[in-house]
Amino acid sequence: MRVTVLATAMVTALTLVGCGEVERGYGDGDAETEEAAAIKGFYQAIYRDDDLNKAKRFASERMDGLIEHYATLSGVERYVLGRYYDRVELTVEADSIVPYLNNKQELRATVIFEGEYKGDNVKDSRDVVLVQEEGTWRVDQILDPRYRP
């Protein structure tokens, strides 16, 4: 009887721990939108954690295909993201999160990057398109800065 109660208590505790909010480790401590959290999670998985598999958790099916195609951090940074960083801080402009092409299932947001690459200070911005897949916002496209609307 004691073993059954103990086993049930352990399973319940593990289930509750698994249901808790996941520590993402990339926010600045302030409350941020789900959309901004997805963008930060995607970029920080690549630039800080050097982990393409982690980045895929924040990527849409289309972006996941691009990550698979380029297969390495260097390839993704060069051909998908268009920028290398040794160290980077990023900010998602909250006011920039708007429907993309008048579609409420897609959002566009501007991300500001401030960092270093090979000792040089680099500041840049990119527009990112998010889509909703399985009820979660995911990074779908990195828009070319030459064609900003």
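Just so it is clear, the model here is predicted, and its values are computed rather than measured. (Residues numbered from 1 in each chain as written. Predicted model: local features only at pLDDT ≥ 70, side-chain atom pairs only at ≥ 80, totals over all residues. Heavy atoms only, no water.)

A. Representation of the overall build of the chain within the structure. In terms of helices and strands, the chain carries five helices and five strands. Looking at the chain residue by residue over its 149 residues, the buried ones come to 39%. Taking all contacts inside the chain whose residues are at least 6 apart in sequence as the whole, residues at least 24 apart take part in 46%. Of the accessible surface of the chain, which amounts to about 9,600 Å², a share of 50% is contributed by carbon and sulfur atoms. (Helix = DSSP H or I, 4+ residues; strand = E, 2+ residues; numbered from the N terminus. Buried < 20%, exposed > 50% of the residue type's maximum accessible area, 1.4 Å probe, protein only. Contact = heavy atoms within 4.5 Å. Areas by Shrake-Rupley, 256 points an atom, 1.4 Å probe, with all protein chains shown as cover.)

B. Layout of helix α2 (residues 34-47). Compared with an ideal rise of 1.5 Å per residue, which puts 14 residues at 20 Å, α2 spans 20 Å between its outermost C-alpha atoms and is within 8% of the ideal. For α2, a buried count of 13 out of 14 residues is recorded, marking the element as mostly surrounded by other parts of the structure. (Expected span 1.5 Å × (residues − 1).)

C. Looking closely at unusual backbone geometry. Of note, the phi angle at Asp50 is positive, near 50 degrees, even though the residue is not glycine. Taking the relative accessible area as the measure of exposure, Asp50 reaches 48% and is therefore partly exposed. Of note in this structure, Glu134 is not a glycine but carries a positive phi near 55 degrees. Tracing the chain through its elements places Glu134 in the loop between β4 (120-133) and β5 (136-143).

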